[in-house]
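Chain and residue survey
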Amino acid sequence: MGGREATMVLLDENGIRCDGRKIDETRKITIKAGVLKNADGSAYIEFGDNKILVGIFGPRDVHPKHMSDTDTGILRVRYHMEPFSVTERKRPAPSRREIEISKVIKEALEPAVMLEKFPRTAVDVFIEVLQADGGTRCAALAAASVALADAGIPMRDMVAACASGKVADTIVLDVNNEEDQAGQADMPVGYMPNLEKITLLQLDGVLTPEEYKKCVDVGVNGCKLVYEIQKKALTDKYFGNGKD
Amino acid sequence: MGGREATMVLLDENGIRCDGRKIDETRKITIKAGVLKNADGSAYIEFGDNKILVGIFGPRDVHPKHMSDTDTGILRVRYHMEPFSVTERKRPAPSRREIEISKVIKEALEPAVMLEKFPRTAVDVFIEVLQADGGTRCAALAAASVALADAGIPMRDMVAACASGKVADTIVLDVNNEEDQAGQADMPVGYMPNLEKITLLQLDGVLTPEEYKKCVDVGVNGCKLVYEIQKKALTDKYFGNGKD
Amino acid sequence: MGGREATMVLLDENGIRCDGRKIDETRKITIKAGVLKNADGSAYIEFGDNKILVGIFGPRDVHPKHMSDTDTGILRVRYHMEPFSVTERKRPAPSRREIEISKVIKEALEPAVMLEKFPRTAVDVFIEVLQADGGTRCAALAAASVALADAGIPMRDMVAACASGKVADTIVLDVNNEEDQAGQADMPVGYMPNLEKITLLQLDGVLTPEEYKKCVDVGVNGCKLVYEIQKKALTDKYFGNGKD
Amino acid sequence: MASKSVIDELKKTQILELLEQGKRVDGRALDEPRELSIEINAIPKANGSAKVRLGDTEVLCGVKIQPDKPFPDMGDKGIFMCTAELLPFSHPTVETGPPRDDVIELARVVDRGIRESNMVDVSQLVIEKDKSVVGVFADIVVIDYDGNLFDACSYAATAALLTSTTPKWTMVDDKITLVDGEESPLPTTTIPVSITMGKIGNYIIVDPNGDEWDSMDARITITTNSDGNICALQKGGSDGFTQEEIVQCGEISVRVGAKIREKLKEAQQGSQ
Amino acid sequence: MASKSVIDELKKTQILELLEQGKRVDGRALDEPRELSIEINAIPKANGSAKVRLGDTEVLCGVKIQPDKPFPDMGDKGIFMCTAELLPFSHPTVETGPPRDDVIELARVVDRGIRESNMVDVSQLVIEKDKSVVGVFADIVVIDYDGNLFDACSYAATAALLTSTTPKWTMVDDKITLVDGEESPLPTTTIPVSITMGKIGNYIIVDPNGDEWDSMDARITITTNSDGNICALQKGGSDGFTQEEIVQCGEISVRVGAKIREKLKEAQQGSQ
Amino acid sequence: MASKSVIDELKKTQILELLEQGKRVDGRALDEPRELSIEINAIPKANGSAKVRLGDTEVLCGVKIQPDKPFPDMGDKGIFMCTAELLPFSHPTVETGPPRDDVIELARVVDRGIRESNMVDVSQLVIEKDKSVVGVFADIVVIDYDGNLFDACSYAATAALLTSTTPKWTMVDDKITLVDGEESPLPTTTIPVSITMGKIGNYIIVDPNGDEWDSMDARITITTNSDGNICALQKGGSDGFTQEEIVQCGEISVRVGAKIREKLKEAQQGSQ
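What counts and how
Residues numbered from 1 in each chain as written. Chains lettered and ligands numbered in written order. Predicted model: local features only at pLDDT ≥ 70, side-chain atom pairs only at ≥ 80, totals over all residues. Heavy atoms only, no water. Helix = DSSP H or I, 4+ residues; strand = E, 2+ residues; numbered from the N terminus. Phe/Tyr/Trp six-rings, centres within 6.5 Å; stacked < 30°, edge-to-face > 60°. Buried < 20%, exposed > 50% of the residue type's maximum accessible area, 1.4 Å probe, protein only. Lys NZ or Arg CZ within 6 Å of the ring centre and 35° of its normal. Contact = heavy atoms within 4.5 Å. Pairing = 2+ DSSP bridges. Axes fitted to C-alpha atoms, helices over the stretch in contact; angles between N-to-C directions. 1 Å grid on protein atoms, 1.4 Å probe; cavity = no way out; pocket = protein on both sides within 12 Å on 5 of 7 lines; lining within 4 Å. Points joined across faces, edges and corners; volume = space filled by probe spheres on them. Nonpolar A, V, L, I, M, F, W, Y, C, P; charged D, E, K, R; others polar. Right-handed = clockwise from strand over helix to strand, strands pointing away. Core = buried A, V, L, I, M, F, W, Y, C linked by side-chain atoms within 4.5 Å. pLDDT = per-residue confidence, 0-100. Parallel < 35°, antiparallel > 145°, perpendicular 65-115°, else oblique. Left-handed = near helix turned anticlockwise from the far one by under 90°. Buried area = accessible area lost by both parts, 1.4 Å probe. Salt bridge = Lys/Arg side-chain N within 4 Å of Asp/Glu carboxyl O. Polar contact = N/O pair within 3.5 Å; in protein donor to acceptor, adjacent residues only side chain to side chain. Expected span 1.5 Å × (residues − 1).

1. Observations regarding the environment of D:P99
Counting through the fold element by element, D:P99 comes out in the loop between β4 (79–86) and α2 (101–116). The sequence separation of D:P99 and D:Y155 amounts to 56 residues, and the corresponding C-alpha distance is 21 Å.

2. So, the packing of aromatic side chains
Enumeration according to the criterion identifies five aromatic pairs over all chains in this entry. With a centroid separation of 6.5 Å and an interplanar angle of 65°, the aromatic rings of A:F57 and A:F126 are classed as edge-to-face. Placement of the pair is A:F57 in strand β3 (residues 50–61) and A:F126 in strand β5 (residues 121–131), with a sequence separation of 69 residues. You can call A:F126 buried: its relative accessible area is 7%. Sitting over the face of the ring of A:Y44, D:K51 holds its NZ or CZ atom 5.9 Å from the ring centroid.

3. What to know about the arrangement of the chains
You won't find any contact between chain B and chain C; their C-alpha atoms come no closer than 11 Å. Chain E makes no contact with chain A, the minimum C-alpha separation between the two being 19 Å.

4. Remarks on the sheet that holds strand β9 (residues 197–207) of chain A
Here eight strands make up an open sheet; going across it, the order is β7(A)-β6(A)-β8(A)-β9(A)-β12(F)-β11(F)-β9(F)-β10(F) and the pairing antiparallel. At either end of the open sheet lies a strand with only one pairing partner, and these are β7 (170–173) of chain A together with β10 (203–206) of chain F. Going from strand to strand, the sheet's axes swing by 20° on average, the running direction of each strand aside. Summarising the sheet, strand β6 (residues 160–167) of chain A and strand β8 (residues 185–192) of chain A pair through seven bridges and their orientation is antiparallel. Paired with A:G165 across the two strands is A:D186, which belongs to β8(A). The strands touched by helix α2 (residues 136–150) of chain A within the sheet are β6, β8 and β9 of chain A, with β6(A) carrying the most contacts at an inclination of about 165°. Where helix α3 (residues 149–162) of chain F meets the sheet, it contacts β9 (193–200) and β11 (218–224) of chain F, and its direction lies at approximately 175° from that of β9(F).

5. Topic: empty space enclosed by the protein
Residues and elements named next belong to chain D. As enumerated under the stated definition, the model contains five cavities of 30 Å³ or more in all. Its boundaries defined by the atoms lining it, the largest cavity holds a volume of some 120 Å³. If you trace the largest cavity, you find 17 residues lining it, with V109, V110, G113, T221 and T223 closest to the centre. Here the element with the most residues in the lining of the largest cavity is α2; it accounts for five residues. Residue composition of the lining of the largest cavity, by class: nine nonpolar, six polar and two charged.

6. Details of the pairing of strand β4 (residues 74–81) of chain B
Residues and elements named next belong to chain B. The buried count for β4 comes to six of eight residues, which makes it a mostly enclosed element. One ladder, built from eight bridges, connects β4 with strand β5 (residues 121–131); its direction is parallel. Bridge assignment links R78 to a residue of β5, and that residue is F126. Handedness of the crossover joining β4 and β5 through helix α1 (residues 96–109): left-handed.

7. Thoughts on the nonpolar core
Judged by nonpolar contacts, the single largest core of 137 residues is most densely connected at B:V125 and B:I127. In this structure, B:I127 is in contact with B:I52, B:L53, B:V54, B:V77, B:R78, B:Y79, B:H80, B:I105, B:A140 and B:A144, ignoring residues within four places of it in sequence.

8. Quick word on the sheet that holds strand β4 (residues 74–81) of chain A
Residue and element names in this part refer to chain A. Pairing in this open sheet of five strands is mixed, and the strands run β1-β2-β3-β5-β4 from one edge to the other. Since the sheet does not close on itself, it has two edges, and those belong to β1 (29–33) and β4, each with one partner. For this sheet, the mean inter-axis angle between neighbouring strands, taken without regard to orientation, is 15°. Where β3 meets β5, nine bridges bridge the pair, whose relative direction is antiparallel.

9. Description of the confidence of the model for chain D
Taken residue by residue, chain D gives an average pLDDT of 95. The fraction at 70 or more is 99%. Prediction confidence for the complex, expressed as pTM and ipTM, is 0.95 and 0.94 respectively.

10. Focus: the packing of α1(B) against helix α2 (residues 136–150) of chain B
Think of two packed helices as two axes; the pair is described by the angle between the axes and how far apart they sit. Residues and elements named next belong to chain B. In the contact formed by α1 and α2, the axes pass within 10 Å of each other and the chain directions differ by 45°. By the angle between their directions, the pair α1 and α2 is classed as oblique. Relative to α2, α1 is oriented so that their crossing is right-handed. Counted together, R97, I101, I105, A108 and L109 of α1 and T136, R137, A140, L141, A144, S145 and L148 of α2 form the full contact between these two elements.

11. So, the interface of chain E and chain C
Counting residues at the interface gives 36 residues for chain E, matched by 29 residues for chain C. For the pair chain E and chain C, the summed buried area comes to about 2900 Å², and 53% of that belongs to carbon and sulfur atoms. E:E105 is the salt-bridge partner of C:K103, the closest N and O atoms lying 2.6 Å from each other. For the interface between chain E and chain C, the tally reads 18 residue pairs in polar contact (both at pLDDT 80 or more). The set of elements that each furnish at least two residues to the side of chain E that touches chain C consists of α2 (101–116), β11 (218–224), β12 (230–236) and α5 (243–270) of chain E. Pairing analysis gives four bridges linking strand β9 (residues 197–207) of chain C to β12(E), with the strands arranged antiparallel. If you follow C:L207 over to β12(E), its bridge partner there is E:I230.

12. Topic: the pattern of salt bridges
Considering all chains together, one arrives at 141 salt bridges over all chains under this definition. The closest approach of N and O atoms between A:K37 and D:D56, which form a salt bridge, is 3.8 Å. Taken together, the positions of A:K37 in the loop between β1 and β2 (41–47) and D:D56 in the loop between β2 (48–54) and β3 (57–68) put the pair across two chains. You can call A:K37 partly exposed: its relative accessible area is 45%. A residue is classified by how much of its surface remains accessible, and D:D56, at 29% relative accessible area, is partly exposed. One salt bridge in this structure joins C:K51 and C:E46, with 3.0 Å as the shortest N-O distance. Several salt bridges converge on common partners, so that one network encompasses A:R17, A:D19, A:R21, A:R27, A:D133, A:D174, A:E179 and D:K45.

13. Side note on α2(E)
Since the α-helix packs 3.6 residues into each turn, any two residues three or four apart lie on the same face. All names here are of chain E. Over its 16 residues, α2 runs 22 Å from end to end, which matches the ideal 22 Å to within 8%, given 1.5 Å per residue. Burial runs high along α2: 12 of the 16 residues are buried. The set of residues buried in α2 consists of D102, V103, I104, E105, L106, A107, V109, V110, D111, R112, G113 and I114. Downstream of α2 by one or two residues, N118 has phi in the positive range, about 55°.

14. Describing the environment of D:I205
Residues and elements named next belong to chain D. Within the fold, I205 resides in strand β10 (residues 203–206). A relative accessible area of 0% means that I205 is categorised as buried. Once residues within four sequence positions are removed from consideration, I205 is found in contact with L19, R24, L30, T196, M197, G198, I200 and E212.

15. Looking at the pairing of β1(A)
All names here are of chain A. Side-chain alternation along β1 places I29, I31 and A33 on a buried face and T30 and K32 on a face that remains uncovered. One ladder, built from five bridges, connects β1 with β2; its direction is antiparallel. Bridge pairing links A33 to A43 in β2.

16. Digging into the packing of α3(F) against helix α5 (residues 243–270) of chain F
Residues and elements named next belong to chain F. Put simply, α3 and α5 touch, their axes get as near as 9 Å, and they point 35° apart. Judged by the twist between their axes, the crossing of α3 over α5 is right-handed. In this structure, α3 uses Y155, T158, A159 and L162 to contact α5, whose residues at the interface are I260, L264 and Q268. When its residues are assigned to classes, the contact of α3 with α5 shows five nonpolar, two polar and no charged.

This is the structure:
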């Protein structure tokens, strides 16, 4: 059904990528905080063609009780894709991929959340991918941080996120879907700019040790760009200009 | 495999239907109360070629406890078809159709049962379709009412049930399997004759507003016929003529 | 994919079987006790080409509590095959066959274990078939007995196990995989030599009443041979020669 | 959606008292649905999509159209299927895991309303008879819950289907092959509109909001087609209706449904 | 079926005391099964069916026969499968949901008793070798429980199979096609009969009823074929048998099985 | 693997105090993995197998190679899949039932490390394009747990694949047919090696054992290929790494990975 474009130029002689970006440029990113009525906190992100909604409930009681921790709060994360979010319709049951990404995002958020402030309770982070376009986990993580802040959950820092990667033998920022399919490496990075800690890091694809170092650096710099957009989303909501 | 009879006459020039019935006539219905040994109450119905067994347990304790209600009893209904009850062998796992019908029958019975008389407990209604022939939900509902009465559950009224429908541009009573497949509309009706309340109503197929009104009326009248047979089943058991 | 050898001679004119054994001879059997570090008791058996590991935990608490018995301990057995243990890769989910064998082995072990000595608790027997070669349930049962003894669970006797069967119209001991496929009957036997009780017995295939009697007798005698190897495994571990 | 609490009881008392004065909690007339807004093409990568707000209830439907195998003995018809799911952030009581019976009923009622109207012309969705057909999957997710999911989901699916485009496939060398650039609107024949009514005491109200939903004794969902005929119905809830109420509800569904249908047509035209 | 209670213990004591006097609670001889009644064709729309009462245990088996794909490497054989389920009204302790291990064992023992006897001649159930075969599905449901489901289910399945008719299918243009009006009896080769015996103390009793079932130390089910040979066996329960008891049980199963087989033959002939 | 208890806290304190003196609980250097032993062909009936001990962690991988259908749009490639399961006797806390998220992560990280290195040359595993390909299934079971399953499982799978032989199949009359006696080594292109590092306080340690695993703040698994390049990475755990630490971990994985790769080569050669 269809078939991949065989002759796509991923990077032209002027250093311009297949979607017109420069190598150190992210796709267009917009984040909006407080978009849901029933959730305790929420955020909506458009990251390129990714469209992702995050809703937060909590801190709230844990059922069954023995799943709670008397010393600390717990974070529960569900990353889930809608059936219509991908090219081939996805079956509704959670896939192993979704279960793994849920865990990776949970562990990326935990260093940022002051879980010790709400023992015996849970904070639920529900991530719904409405439309996917490569790099969903980074977009989801960035939105989840904003949603947690919107819910008033005490945090040490926000986790920003952006992928770097290798395309046409070049290290680039924010790999899109075409680049991910046809490219050489994809490295999602989650980063807390104030605490200077990488809390999410994965890699698929081959990098030399030098490229690896560069790739981490490019990713971290991308996170810093995303961080500004995250902060703006919260500012817009709480001290906002009233525009919608 | 096989194929539907293309040239079946659903209604002939004398107003006689494909199985010989008149338009306001039900199929042959027999109900017997108290047919199971271990259940607290039971009933067996033959409604045309439908053969359905219903067994009741309760009021009894609810496990886990938090599923019970301190103010009222709860009704739990399971509608289930045997693998051999339909033309193509049915897989044993409950289908979404069976789950929906279970809920619809539960809500059709609830107005009749004095649930407030047995708080914290549950009454279980187990419906097993041994042979299906169109209109199983009405037959099941009628039998379930008799089985509840047989179990001594306090009731405001019995729920009678019968479908009406549209076949060959005519509103008829008690649509059979062939009429359901080839006909124009099917409307299952559940009705409490003493309380004059419709507690089950569904419709598949297209009706004009006038036909709709007529169809409801025909269905309610059918329910009144079925009600007499339900009462007879209980009379036969409790004040019976001793014949089996 | 392949196909069965049509012309295999199961028993030659000298009474020698397809794998060189005599009719009353078992395959090579070695058992080693105490092979796992984390389990409370364990055993490894090679029974022909069967390779099976058994690990024991317990007596230990039961969750949820209502599954425990205030009067006696309970035995829980899981028989499970690895995906790579059989010719065609097995899917990981437990099959109905594995669930039945788990139950049969549990009931074969129960008469040997002094469950009344540890009320409210459970002993878990985890059986893992690493490589299967016909007769896995007997090999598993023999290994499980040794593992229970290794775990220090108080026992009345050990259960020995060996299959008998009918091959080329002859009753033979310890049916192997080829004989099971092409043979006429397979009768797994579990037996406690000291208490003289048969605790596992199954039969697939046709036997005359006389053959049946003989088959039970051959199986029981095989169990007595296996029993010696089981005892040796425990002696080797606890009073052993230090060789591995 | 929730078990009855003391607050629920108080709410119900208040709702009933207002109804006795001919009023509803949010000021609507008894037969007046909440404001409906429809955003077409919310998910551009899907073959069709619509985000619908009905008061504070918000749902999203995405339509995927792709080759599929026909059902046995249905080799001359494409496949239409509609699902519904409550996203876990749509209400604090929603649980992840297998759908409860109320969500299964929701999905089946929405599916049936569209299916029984014959809205999607599945006879036009055959690639090769008996071998390969086109499948149309309308998957609905509930984003925010404030009562009456039946209608919100139904409108979202209908709007998404009305504005869907279907690719063209043919068989080339026994292989399903996409014909590039030959998209066409999904073939539809009518616009089904469901109207859900609640019964509280002896009052029938259209489009119950969340508080009204929790206070209802019974409910009924009636779907009408573009001809003003009734094509599907589902009664629910733990009480019954009189025969007169049932007839009355039928009339309401035709009348109010016609207004909603105009909004759906507007949305369809706005998207072209 | 249940964990032991004080009442269970008292029942067991009473049963044992009676056995010591050579008696059973319901007056039967130790090797005497309960009354067996067989109603053929209880489900006329199935290809075969039988309702069986064994004392107060009641089960129903319906047989469906339909085209299916052969198992890999078994392209020259039809499919036979037997399932068993306890309907939730058959006993207060039955739970809905996935089958427990005792129900799985029940189904597999009944299936194996029939399968190992080669009762159903699957070699005659091929439509086109390697492509399409006939599947025979004997699904058993337990309606009322009073002990010994193994035999009641086995008799119901056997009776249903003995009286089943199979349609004829052929391949026309690579499509499985029903040949109208060419039904024939399901091809069978023998009549397997299972006899289940319980061990209480040192006594072996045939066909334990519900109270006896709860009091048994161990049980054994032995299936014989029409030649009087033994074709399947399953020991169960938390105690063992002596070798002599095992031999004795074999003899009982041949002798009592022959009587049951006559009843099955009667039922078969009565249905023709 | 376990929730934190008082004993866990004491253990962590002790481990940290030792690390401050440059020592580990079992005397290893910080960048020193535990002793690795590899037993090739532990399951002779499989197409390849290896039992691996890494300290007291013991795992077993069996490889099955058999015909399969290709994935859609991947008709020119064979299938490679790797699974992992914790056997219930490997640790008292392991539960039977569906795998928890940590086991799913384990299996996916091991699979990805091998897959992203392109170790198995799936382009050589085609029987007939678009119709039938060869599937390679590396199933790993954990026998005894003492920390760092990522590396133990990865080494077991790699060793089993390196020593696997694949049968040859061809299509004869549209049927997949085994060509007898034509086995060949599984085509591989590189030897991926994963190195898992834990972070405790500010210390990075290679191959954490069970006690260290329970005390870690975060972990990272980096896989390198035979060229010394990095081909897969997974960060885990409830804390973060500095950028410098990430770079340092990359260097360690290349350096220590090279040593492990030599051991895998030895095992491969020893098996020939």
